[in-house]
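# Close look at the chain arrangement
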Amino acid sequence: SVQKKIGIVGSGLIGRAWAMLFAAAGYTVQMYDILESQLVTAQQELDKELHSLEEKGALRGQLKASEQLALIGFTQQLEELVRDAVHIQECVPEQLQLKKSLYSQLDGLLGGDTVVASSTSTFMPSLYSEGLQRRQQMLVAHPLNPPYFIPLVEIVPAPWTTAEAVERTRLLMLSLGQRPVTLKREIEGFATNRIQYAILNEVWRLVESGILSVADVDRVLSQGLGLRYALLGSLETAHLNAPGGVADYFKRFGAEISAVSATYGPTPDTQAEGAALAEIARQCEKLVPLAELDQRRATRDAFLIHLARLKKQF
Ligand code: NAD
C-alpha cells in the first residue's frame, strides 16, 4: 500500500529528527531545503545516525535502518514537497521574517487539507500565519531536543486553526509514539518554556544572591526534583506527597507556598551582561569547558536512550 507522505521543510538538526520519527513509523518522507549542501549533509547524517541506533538496539519502529532510509527522499522544489503531502513539518531557522516569507510561499501551494506544523520554540502561530488564505490549516507542533528520545510535542493552535487540523496533528503525533499535549489557545512560551523560565529565574536569583553555587543549584534538580519529575509531573508529585492527596497537600502547604512565593523578587534581567551572568558563565564553564560541550551532549543523548527505555516501563 502507498504510505501517507510527510513533507519536511528545513533539513537541519530538527528536520532530520522529524524525518527519523516519521520514517520509523513507516511514513514516506520528503525533505526540502534551500541549500543543496544541507540536503546532502542530511542524507549522510541520517544514514550514519540510523545505522548507529540500529547497532545500539535503539532504533525505533519495526523497519530496519536501511528500510527507514529508503522511505526518506529529498527535493529542492517546494512545489514538489507540498504535492500529495498530508502533513508538512516546518523546521527552518528561528527568524520571524524567514518563517513569514516561507508561509506565504506555502500558502499559494497548499491543497485542501494539508496541515502545516511549525517546530518553532518561540513564535505563536498567529505571528506568522495571520492574513494567509490557508491559515486555518496552520499550527505549531513544538518538539523538545532530542525529539527521538523526548516524546513531548506541544500542539498550539492560532485563533483561526480548525479543531480538525489540531486533532489530525494530535493523532499523527500519537502514531509516531510521541506524547502530544494540546494547548487550548496560544500563549507566549507555550507551556514548556513558561515552566522552564520560571525555574531558570529562581535558579538565577539563588546564584546571584550567593546562596548556592552553580553546581549546587543544578544538583537540586539533577539529584533531587528532577528524579521525581522524570517520572511524574509536579501536580501528581504533590498528590502523592500528602496522605489525602492533592487537596490535602494544598491545605497543608498552601500557606507556606504563598509565603515563600511572596519572597521571590523581580524577574532577573538575564540578558544584561552584568556580574551575575559572568559568574554563572565562569562556574558553568569550569564544570563543562566550552570545548567539551559536544562530548557532554553526546553523553546526555546516550543516557537518554536508557531513560527512554525505563520510562516505557513506568
Ligand atoms: P538548523 O539551523 O539546524 O536547520 C535549519 C535548516 O533550514 C537549515 O538546513 C537551513 O538550510 C534550512 N533553511 C533555511 N531557510 C530555509 C528556507 N527558506 N526554506 C527551506 N529551508 C531553509 O535549525 P534547527 O535547530 O533544526 O531549528 C529549526 C526549528 O526548530 C526552529 O524553528 C527552532 O526554533 C525549532 N526547534 C529547535 C530545537 C533545537 O534544540 N535546535 C528544539 C525545538 C524546536
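Residues numbered from 1 in each chain as written. Predicted model: local features only at pLDDT ≥ 70, side-chain atom pairs only at ≥ 80, totals over all residues. Heavy atoms only, no water.

As a further point, take the sheet that holds strand S5 (residues 115-118). Spatially, 8 strands are ordered S3-S2-S1-S4-S5-S6-S7-S8 in an open sheet, and the strand pairing comes out mixed. What marks the edges here is a single partner per strand, and that holds for strand S3 (72-75) and strand S8 (179-182). Mean inter-strand twist for the sheet, computed between neighbouring axes without regard to direction, equals 25°. As defined by bridge partners, strand S4 (residues 85-90) adjoins S5 across 4 bridges and the pair is classed as parallel. Considered in S5, the bridge of Ile88 is made with Val116. Contacts from helix H5 (residues 96-107) reach strand S1 (5-9), S4, S5 and strand S6 (138-143), with the element oriented near 170° to S5. (Pairing = 2+ DSSP bridges. Helix = DSSP H or I, 4+ residues; strand = E, 2+ residues; numbered from the N terminus. Axes fitted to C-alpha atoms, helices over the stretch in contact; angles between N-to-C directions. Contact = heavy atoms within 4.5 Å.)

With that settled, consider the packing of helix H8 (residues 192-208) against helix H12 (residues 275-287). Contact geometry for H8 and H12: axes closest at 10 Å, N-to-C directions at 95°. If you check the angle between H8 and H12, you find them roughly perpendicular. Contact residues: Trp204, Val207 and Glu208 in H8; Ala276, Leu277 and Ile280 in H12. Residue composition of the contact of H8 with H12, by class: 5 nonpolar, no polar and 1 charged. (Parallel < 35°, antiparallel > 145°, perpendicular 65-115°, else oblique. Nonpolar A, V, L, I, M, F, W, Y, C, P; charged D, E, K, R; others polar.)

In this section: the pairing of S1. In terms of residue burial, S1 counts as a mostly covered element, since 5 of its 5 residues are buried. Alignment of S1 against strand S2 (residues 28-32), held across 5 bridges, turns out to be parallel. Bridged to Val9 within S2 is Tyr32. Once you follow S1 into helix H1 (residues 13-24) and on to S2, the crossover reads as right-handed. (Buried < 20%, exposed > 50% of the residue type's maximum accessible area, 1.4 Å probe, protein only. Right-handed = clockwise from strand over helix to strand, strands pointing away.)

Take H8 next. The end-to-end C-alpha separation of H8 is 24 Å, in line with the 24 Å expected for 17 residues at 1.5 Å each. Among the residues making up H8, those that are buried are Thr192, Asn193, Asn201, Val203, Trp204, Arg205 and Val207. Residues of H8 that are buried in the fold lie against strand S7 (152-157), helix H9 (214-229) and H12. Just beyond H8, the residue with positive phi is Gly210, at close to 75°. (Expected span 1.5 Å × (residues − 1).)

With that out of the way, let us pick up the environment of Leu39. Mapped onto the elements, Leu39 comes out in helix H2 (residues 36-56). Placed 42 residues apart in sequence, Leu39 and Leu81 show a C-alpha to C-alpha distance of 13 Å. Apart from residues lying up to four places away in sequence, Leu39 is in contact with Ser11, Met31, Tyr32, Asp33, Phe74, Thr75 and Gln76.

Per the stated rule, a full pass over the model turns up 10 salt bridges. We note a salt bridge from Arg170 to Glu167, for which the minimum N-O separation is 2.9 Å. Pair noted here: Arg170 and Glu167 are both in helix H7 (residues 163-175), with a separation of 3 residues, about one helical turn. A salt bridge links Asp294 to Arg297; the shortest N-O distance between them is 2.7 Å. In this pair, Asp294 and Arg297 both sit in helix H13 (residues 293-313), 3 residues apart, roughly one turn of the helix. Judged by its relative accessible area of 41%, Arg297 falls in the partly exposed class. In this structure, a network of salt bridges that share partners links the residues Glu90, Glu94 and Lys99. (Salt bridge = Lys/Arg side-chain N within 4 Å of Asp/Glu carboxyl O.)

The next subject is H1. End to end, H1 covers 17 Å across 12 residues, agreeing with the expected 16 Å (1.5 Å per residue, within 8%). Residues of H1 that are buried: Gly15, Arg16, Ala17, Trp18, Ala19, Met20, Leu21, Phe22, Ala23 and Ala24. Positive backbone phi, at 90°, marks Gly26, one or two positions downstream of H1.

Our next topic: the domain arrangement of the protein. Domain boundaries assigned for the protein yield domain 1 (5-182) and domain 2 (192-313). On a C-alpha basis, the centroid separation for the pair domain 1 and domain 2 is 30 Å. Facing the 11 residues of domain 1 at the interface are 8 residues of domain 2. Of the roughly 740 Å² buried where domain 1 meets domain 2, counting both sides, 59% is carbon and sulfur surface. Interface area lost by domain 1 to domain 2 is led by Pro146, Phe149 and Glu154, which between them contribute 50%. For the pair domain 1 and domain 2, the interface holds 0 salt bridges. Put simply, domain 1 and domain 2 have 3 residue pairs in polar contact (both at pLDDT 80 or more) between them. Considering only residue class, the side of domain 1 that touches domain 2 consists of 6 nonpolar, 3 polar and 2 charged. (Domains from an automatic or database assignment. Buried area = accessible area lost by both parts, 1.4 Å probe. Polar contact = N/O pair within 3.5 Å; in protein donor to acceptor, adjacent residues only side chain to side chain.)

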